[in-house]
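# Chain and residue survey
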Amino acid sequence: MVRLGPKKPPARKGSMADVPANLMEQIHGLETLFTVSSEKMRSIVKHFISELDKGLSKKGGNIPMIPGWVVEYPTGKETGDFLALDLGGTNLRVVLVKLGGNHDFDTTQNKYRLPDHLRTGTSEQLWSFIAKCLKEFVDEWYPDGVSEPLPLGFTFSYPASQKKINSGVLQRWTKGFDIEGVEGHDVVPMLQEQIEKLNIPINVVALINDTTGTLVASLYTDPQTKMGIIIGTGVNGAYYDVVSGIEKLEGLLPEDIGPDSPMAINCEYGSFDNEHLVLPRTKYDVIIDEESPRPGQQAFEKMTSGYYLGEIMRLVLLDLYDSGFIFKDQDISKLKEAYVMDTSYPSKIEDDPFENLEDTDDLFKTNLNIETTVVERKLIRKLAELVGTRAARLTVCGVSAICDKRGYKTAHIAADGSVFNRYPGYKEKAAQALKDIYNWDVEKMEDHPIQLVAAEDGSGVGAAIIACLTQKRLAAGKSVGIKGE
Ligand code: BGC
């Protein structure tokens, strides 16, 4: 492989001049299928706002809009040592956060790979694995023991209904998780029980969604933060609403949470448009949904999050193969495996700096046992761009809906997640999409009124700050949930 210099050159657009007419026709077809116009985005945003409102109403709707019982803004002055546990899509992280009290913090963390079989194993296996990791961490960092149990903020990045901050009943698994015996149950006692079994001095004081954590952590350092969003294995956003605007809490609030109080809302908007009214779904999106463990759920997430981007590409490639357009006479048995193409595929393909897409060639040869022609690779590259761009354009519709609902004309949207952080060109695509929605006449994305900015570590630092805010409220005898909880 010939490198063009010591550093990889930037990815190139590449010419399509040598692509034969029959493949060009396929490419044009895909462009039509995957392109989301500005007008379409605006109509999605409009419907999104009404769905957010529905979620806050007593009757409810598809978007859960879960009150997260964070009823204060962080001041940046919070101090103390807190543990954070982050059960995300792929890894488990344990973090010791030392809040400095001057918008600053220190963290020490261990990461544990979540064995694949746990995603579809039993509840007992999951919680005991987590407890073992916690024990390992505490034994390592507190070899002499502790005088008081360590307060822990548990970032549980799945839709969990919360009557109070230290409880969360899992509504349904997302992101390919399918562990029996957890849906419909409060996950906090399940975790606490395993912690106690191993005699670990830990008290779970708060259950937090990763988006809420991101919102609060970023607000701790950046007062312009208006939302926390995750664009990773899953997709979701959180923002602060005002209690009087949350109809479904009417009559349920304790006296010390007044109508003007802020309330962090974990939207769970990955489930936007489960009714399939506005999203521009293709036949590939339909297959993904039908073959997923939870058909009919997470319609928005299935078109936008990292868990599905490679799979969408794979289904298109299989279709083109079946119609005789690509990979002629090749053994495609590997490509037939569902989810064999994770997000690293579109990501690496979009990042390929070579005119002849040499890195893509390697990727297909080594991982999928498929020899590709330059022309096929150009199609693959175009497809990756289309799928990634569609994801970015749809994702920001959620951001725009919240900003419009709350009347934010300017905002920092604190964003985290593997797709946001690592997918080549994603930030630019998202900024362009927001610009298209609002018709801003501003060139540089750094000058856009609403900007996606890299977030602070929400699942670690955010969870710790929320644990701290909760402890303070409890110490002052204040409520952290609905009346009577
Ligand atoms: C979950 C959310 C989470 C998001 C990002 C979704 O699948 O339902 O709770 O915030 O992924 O991790």
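Residues numbered from 1 in each chain as written. Predicted model: local features only at pLDDT ≥ 70, side-chain atom pairs only at ≥ 80, totals over all residues. Heavy atoms only, no water.

### Section: the environment of methionine 190
On the secondary structure map, methionine 190 appears in helix H4 (residues 187-197). Separated by 63 residues in the primary sequence, methionine 190 and tryptophan 127 place their C-alpha atoms 6.9 Å from one another. Excluding residues within four positions of it along the chain, methionine 190 makes contact with Ser123, Trp127, Gly181, Val182 and His185. (Helix = DSSP H or I, 4+ residues; strand = E, 2+ residues; numbered from the N terminus. Contact = heavy atoms within 4.5 Å.)

### Let's talk about the sheet that holds strand E8 (residues 202-208)
Strand pairing in a sheet relies on backbone hydrogen bonds. The paired strands run either parallel or antiparallel. Strand order in this open sheet of five strands is E4-E3-E2-E5-E8, and the pairing throughout is mixed. Strand pairing shows two members of the sheet lacking a second neighbour, strand E4 (105-113) and E8, which therefore form its edges. Recorded for the sheet is a direction-independent mean angle of 25° between the axes of neighbouring strands. Of the strand pairs in this sheet, strand E2 (residues 79-87) and strand E5 (residues 150-156) are connected by five bridges, and their pairing is parallel. Paired with leucine 87 across the strands is phenylalanine 156, a residue of E5. (Pairing = 2+ DSSP bridges. Axes fitted to C-alpha atoms, helices over the stretch in contact; angles between N-to-C directions.)

### Details of the site of the ligand
Close to the ligand lie 15 residues; Thr174, Asn209, Asp210, Glu268 and Glu301 are nearest. Side-chain polar atom of threonine 174 to an oxygen atom of the ligand: 2.7 Å apart, as the coordinates give it. One of the side-chain nitrogen or oxygen atoms of asparagine 209 is found 2.8 Å away from an oxygen atom of the ligand. For the ligand, whose free accessible area comes to 310 Å², the fraction covered by protein is 98%. The site holding the ligand turns out to be the largest cavity. Those elements that place two or more of their residues in the shell around the ligand are helix H5 (210-221) and strand E10 (235-242). In terms of residue class, the shell around the ligand is built from four nonpolar, seven polar and four charged. (Near = heavy atom within 4 Å. Polar contact = N/O pair within 3.5 Å; in protein donor to acceptor, adjacent residues only side chain to side chain. Areas by Shrake-Rupley, 256 points an atom, 1.4 Å probe, with all protein chains shown as cover. 1 Å grid on protein atoms, 1.4 Å probe; cavity = no way out; pocket = protein on both sides within 12 Å on 5 of 7 lines; lining within 4 Å. Sits in = over half its atoms within 2 Å of the grid points. Nonpolar A, V, L, I, M, F, W, Y, C, P; charged D, E, K, R; others polar.)

### What to know about helix H10 (residues 358-368)
Buried within H10 are the following residues: Asp359, Thr360, Asp361, Leu363, Phe364 and Leu368. Lining the buried residues of H10 we find helix H8 (306-322), helix H9 (344-351) and helix H11 (374-406). Trailing H10 by a residue or two, asparagine 369 shows a phi angle of about 60°, which is positive. (Buried < 20%, exposed > 50% of the residue type's maximum accessible area, 1.4 Å probe, protein only.)

### Looking at the nonpolar core
Ranked by internal contacts, the top residues of the largest apolar core, which has 119 residues, are Phe48, Tyr269, Leu317, Phe364 and Val399. It is H11 that contributes the most residues to this core, 16 residues altogether. Setting aside chain neighbours within four positions, we find valine 399 in contact with Met227, Ile229, Tyr269, Ile413, Leu434, Ile450 and Leu452. Core analysis: the next-biggest nonpolar cluster, separate from the first, contains 38 residues, Leu85, Val94, Val138 and Tyr142 among them. (Core = buried A, V, L, I, M, F, W, Y, C linked by side-chain atoms within 4.5 Å.)

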